[in-house]
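Report on the structure
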Amino acid sequence: MLRHRRQAVSQQVGDETIGLSDVAMNAPTTISAFHRIFTMMIDFVAPPLSIRRQFLQLIQVAWSLGWREGGGVALERIHEAIVCYRRTGSLIIPPPPPPPVYTYAEWIADHEPAPETLAAQRAAAQQFAYQPLITLIMPVYNPPVEVFDLAVRSVQQQTYPHWQLCLANGGDDSAIRAYIDRLAAQEPRVRTAHLAQNLGISGNSNAALKVAEGEFVSFFDHDDKLAPTLLFAVVAELNRDSAIDIIYFDEDKISADDRERSEPWLKPAWSPDMMLSVNLVGHGIFRRRLVEEGGGFDPATDGAQDWDLALRCSLRAGKIVHIPQILYHWRKIPGSAAVDAQAKPYAFAAQTRALQKHLTALGAAGATVRLTSAGARVDFPARDAKISIIIPTKDQFHFIQRCVSSLLHKTHYPNLEIIVIDTGSTEQAVLAYYEELAHEPRVHLVHYQEDFNYSRANNIGVQHASGDVFLFLNNDTEAIEPDWLETMAGWALRKEIGVVGAKLLYDDGSIQHGGVVIGLEGVASHIFGGMHEGQFGVFGSTEWVRNYMAVTGACLMLRRDVFERIGAFDEEYRLTFSDVELCLRALASGYRNVWLPFVRMLHHEGGTRGYYMPNDDIVRVNQQMWQLVLAGDPYFHPALSSVQRQPTLASPTTKTRFQIFYELLDYVELLPAPPLSAESHQGARSDQANDSAPQPIDAATVTAVMQQIQAQAASSSRVTYKLVDRDAPAIQMEIRDDSGATETVKQWHADDADQADFR
């Protein structure tokens, strides 16, 4: 179940960021008085989470630390805050993450292939029906010999034998030249070229590409390391589907002495919009034809040449597949970007050029690229589209007043209307506020007289909306930046985008919503919950644009034409989960859903109606979405824990998605599936046939599941889900008609999928 349960927070932003509470507690009375007065002043002049507030809090704590511990300590704290600002755009210094209970070293020990596994792969590789030649392109420029040797050996140790290594040496190190010549004489699968001059990383790579013979190519830095199973995993995937054009995989970093691995990055499934924030593909495998037709590497993007190549090839690729295994190791040596992203400052300008080229190729007129302390940011023009903001609300003056006021006075985008759907307010302060709003031409008040139904209230709001774009907004949200609405609308107006979500923050600045993951904490939950902005972990950065299956309805935007095509909110959901269901229908209709980290809102979660979830909603969502839960969210990762909102490696003792759902089955079993009203899905697409075989979740699968649900719920049948065998888990769906006869219409077996898929 989606748990709307906020973790307890003991300190405010200033306290947590700079240790203010400790300073005040241990300081003399004079400092305590100063602390209280200064805090009151900050509350009066500086909005929550603003840089002005962070700066004033920094001055406050520096003064207190200087009084108590001396000027040196105060200056050190100021320096730390400045460094943090340069890195994240915030003066907030995140507290160090708690030590993991399951370390990466332990995870490696549990998952690294044993020698007998590698031997079995070497034998199995000979049995592949399809055995393509894969060329590894390596530009060389004066690497340390011992590190270069480790890189070459990692190629020779591959369990798949049909590879070619093409080296283009642009350096002048005689030891490296001699090493390359010996290697070429001993290993017939190696092709070499000693260049008359260094052509840069793109030019050297293009020189190596000229002698490549493989059907597929990959690009390999002269100091990095390949996992021995990389090419075997790639060819196994190609034997499942030979039409794949690009394959990418997870990665980590490895020490110069080859002894320690760290900083794993587990990636989601192919996410075109995430590619506008970060190079998701990295040093993946490309069909050589795509690379050559695109002209190879562009020297104008040196420093971001692999990102540029991946963007260009992705536009012509038919299928792009992610292998959820760590198969590439970036070497951490002095001067490498694996140690310090600032080691190659020219790369930042190259990233901008690569992204701008890609946007031009997409035909995204007016789109802009800028690099921030948090990474690349792409904005699309809002084109003066009219935005209808729909806010269901009841009582709670302090919430609705702050919400509407922030829209009217903190939001710069002018072409908007605010539709307040009042669901039965009786508080005098709220009624008086409505009288004030009557003089505001951009605000329209609609009285909802029926029993409360969140989905129904939003649908009524649409009936009164005149905008080109709809924004469904909770009344306990608050705008904190002036350009948020225009930014969100620019992304929503892209024809391929269905639903757009935002980063929602708690009052203390920690993340409340970073996207919705299906199968997290049950059916669905918020990822990155409780983390701080700017944090990087096993699932990457909190500051990257991401594609998701769903986002929260607390701040959910989509175009009018999308809403009309996929259908309205499902009114069978009274309070929760209709936002997730709406997003899934957008995905099933061929749209992409996207979450924007640079659209930031405060969310006083549960402020109006608490955390109550109707029993019918819980039953319905489990019955509708169990197939999606068990299949696994493609925008998550099977090696991550399904019980933690903060991405964490799943240990052998971590409950799996299957185990969590089994616990829910005890509650759902033998309860009738609520009927689906025809009008609630009016306009929804169901143009793909249902496939009962287990398969990776994608738009076709979502469409099929939603179609099956509609067909079953249209009858008066009762649908139940039963655990068939507790020792060998399987779930069976049964439909019982009015006569009591039972038919098994679907059975799903855990043994049909890789066990790793259940995490």
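The next point concerns the overall build of the chain. Along the backbone of the chain there are 23 helices and 28 strands. For the chain, the residues scored as buried account for 56% of the 759 residues in total. Sequence-distant contacts in the chain: of pairs separated by 6 or more residues, those separated by 24 or more amount to 75%. Per element, the accessible surface of the chain, about 30900 Å² overall, is 53% carbon and sulfur.

For the rest of this paragraph, the subject is the nonpolar core. Counting residues in hydrophobic clusters, the biggest one holds 81 residues, and the most contacted among them are Phe286, Val404, Leu471, Trp491 and Met557. Sorting elements by how many residues they give to this core places helix 18 (residues 484–492) first, with six residues. Residue contacts for Trp491: discarding those within four places in its chain leaves Asp273, Leu276, Val378, Asp379, Phe380, Ile497, Val500, Val545, Val594, Leu596 and Phe598. In this structure, Ile108, Ile390, Phe577 and Val629 belong to the second largest nonpolar core, which totals 62 residues.

Turning next to the packing of aromatic side chains. Using the criterion set out here, one finds 22 aromatic pairs in the structure. Between Tyr454 and Phe569 the ring centres are 6.3 Å apart and the planes differ by 75 degrees, which places this aromatic pair in the edge-to-face class. Of this pair, Tyr454 sits in helix 17 (residues 454–463) while Phe569 sits in the loop between helix 19 (560–566) and helix 20 (578–588); the two residues are 115 residues apart in sequence, bridging distant segments of the chain. Under the relative-accessibility criterion, Phe569 is labelled buried at 0%.

For strand 10 (residues 368–372) and strand 11 (residues 375–379), the ladder comprises five bridges, and the chain directions are antiparallel. In the sheet register, Thr368 faces strand 11, and the bridge partner there is Asp379. Joining the antiparallel neighbours strand 10 and strand 11 is a turn of two residues.

A few words on the packing of helix 8 (residues 145–156) against helix 9 (residues 174–186). Helix 9 packs onto helix 8 with a crossing angle of 20 degrees between their chain directions and a minimal axis gap of 10 Å. With respect to their mutual orientation, helix 8 and helix 9 come out roughly parallel. In this structure, helix 8 crosses over helix 9, and the sense of that crossing is right-handed. Facing Val145, Phe148, Asp149, Val152 and Gln156 of helix 8, the residues of helix 9 in contact are Ala175, Ile176, Tyr179, Ile180 and Leu183.

The next point concerns the side chain of Ser406. With respect to the helices, strands and loops of the structure, Ser406 is situated in helix 15 (residues 397–410). Apart from the residues lying within four places of it in its own chain, the contact partners of Ser406 are Thr411, Glu478 and Ala479.

Within the span of helix 6 (residues 104–111), buried status applies to Tyr104, Trp107 and Ile108. Angularly, the buried residues of helix 6 cover 100 degrees about the axis, an arc narrow enough to put them on a single face. Summarising the geometry of helix 6, the exposed residues directed more than 90 degrees from the buried face are Ala105 and Ala109. Here the buried face of helix 6 lies against strand 6 (246–255), strand 7 (261–265) and strand 9 (320–332).

This part takes up the confidence of the model for the chain. For the chain, mean pLDDT is 81; residues scoring 70 or higher make up 74% of the total. Per-residue pLDDT stays below 50 along residues 1–28; that stretch engages in 70 contacts with residues further than four places along the chain or on separate chains. Note that pLDDT drops below 50 for residues 668–699; the model gives that stretch 81 contacts with residues more than four away or on any other chain.

Turning next to the pattern of salt bridges. The full count for this structure, using the stated rule, is 40 salt bridges. Ionic pairing is found between Glu450 and Arg456, a salt bridge with its closest N-O pair at 3.5 Å. Accessibility expressed as a relative area gives 42% for Glu450, which makes it partly exposed. Here Arg456 falls in the partly exposed class, since its relative accessible area comes to 23%. Among the charged side chains, a network of salt bridges with common partners joins Glu481, Lys503, Glu533, Glu543 and Arg600.

The next subject is the environment of Glu260. Mapping Glu260 onto the fold places it in the loop between strand 6 and strand 7. Since its relative accessible area comes to 53%, Glu260 is described here as exposed. A sequence separation of 155 residues divides Glu260 from Ala105, and the C-alpha atoms of the two residues are 8.5 Å apart. When residues no more than four places from it in sequence are discounted, the contact partners of Glu260 are Lys253, Ile254 and Ser255.

Another point: the packing of helix 20 against helix 21 (residues 615–631). Axis separation between helix 20 and helix 21 bottoms out at 12 Å; the angle between their running directions is 55 degrees. Judged by the angle between their axes, helix 20 and helix 21 are oblique. Two packed elements cross with a definite hand, and for helix 20 against helix 21 that hand is left-handed. Each of Val580, Glu581 and Leu584 in helix 20 lies in contact with helix 21, whose residues at this interface are Gln624, Met625 and Leu628.

Phi at Glu263 takes a positive value of approximately 50 degrees, unusual for a residue other than glycine. You can see Glu263 is positioned in strand 7. With a phi angle near 55 degrees, Arg383 is a residue other than glycine that sits in the positive phi range.

What follows deals with helix 9. An α-helical segment advances 3.6 residues per turn. Residues three or four places apart therefore align on the same side. Compared with the 18 Å implied by 1.5 Å per residue over 13 residues, the 19 Å span of helix 9 between its first and last C-alpha is a close match. For helix 9, the elements touching its buried residues are strand 1 (134–140), helix 8, strand 2 (163–169) and strand 3 (190–194). The opening residue of helix 9, the one whose side-chain oxygen lies 2.8 Å from the backbone nitrogen of Ala175, is Asp173.

The rules we used
One numbering rule holds for all chains: residues counted from 1, following each sequence as written. With pLDDT at 70 or above as the cut-off, local features in this predicted model cover only qualifying residues; side-chain atom pairs require 80 or more to be listed or tallied, and sums for whole chains, interfaces and linings still use all residues. Note that water and hydrogens are dropped before the side-chain values are worked out from all heavy atoms of the structure. Numbering of helices and strands runs from the N terminus; a helix is a DSSP stretch of H or I covering at least four residues, while a strand is a stretch of E covering at least two. To sort residues, take the accessible area from a 1.4 Å probe on protein chains only and compare it with the maximum for the residue type: under 20% means buried, over 50% means exposed, and anything in between is partly exposed. Contacts are residue-level and defined by heavy atoms, with any inter-residue pair within 4.5 Å sufficient. Methods summary: accessible areas were calculated by the Shrake-Rupley approach with a probe of 1.4 Å, and residue burial reflects only the protein chains presented. Throughout this description, the term nonpolar core refers to a set of buried Ala, Val, Leu, Ile, Met, Phe, Trp, Tyr and Cys residues connected via side-chain atoms within 4.5 Å. Only rings of Phe, Tyr and Trp enter the pairing, Trp through its six-membered ring, and a pair is recorded when the two centres are within 6.5 Å. The plane angle decides the type: under 30 degrees is stacked, over 60 is edge-to-face, the rest tilted. For two strands to pair, DSSP has to find at least two bridges joining them. To obtain an axis, a line is fitted to C-alpha atoms, over the contacting stretch when the element is a helix, and the angle between two such axes runs from 0 to 180 degrees between their N-to-C directions. An angle below 35 degrees is read as roughly parallel, one above 145 as roughly antiparallel, one from 65 to 115 as roughly perpendicular, and any other as oblique. Two helices crossing with the near one rotated counterclockwise from the far one by less than a right angle form a left-handed crossing, whereas a clockwise rotation gives a right-handed crossing. Our arc is simply the arc of the directions from the helix axis toward the C-beta atoms. Predictor confidence is given residue by residue as pLDDT, running from a minimum of 0 to a maximum of 100. Think of a salt bridge as a Lys or Arg side-chain nitrogen and an Asp or Glu carboxyl oxygen that are within 4 Å of each other. To estimate how far a helix should extend, the number of its residues minus one is multiplied by 1.5 Å. We call two N or O atoms a polar contact when they sit within 3.5 Å, provided that within protein one can donate a hydrogen and the other can accept it, with sequence-adjacent residues counted only if both atoms are side-chain atoms.

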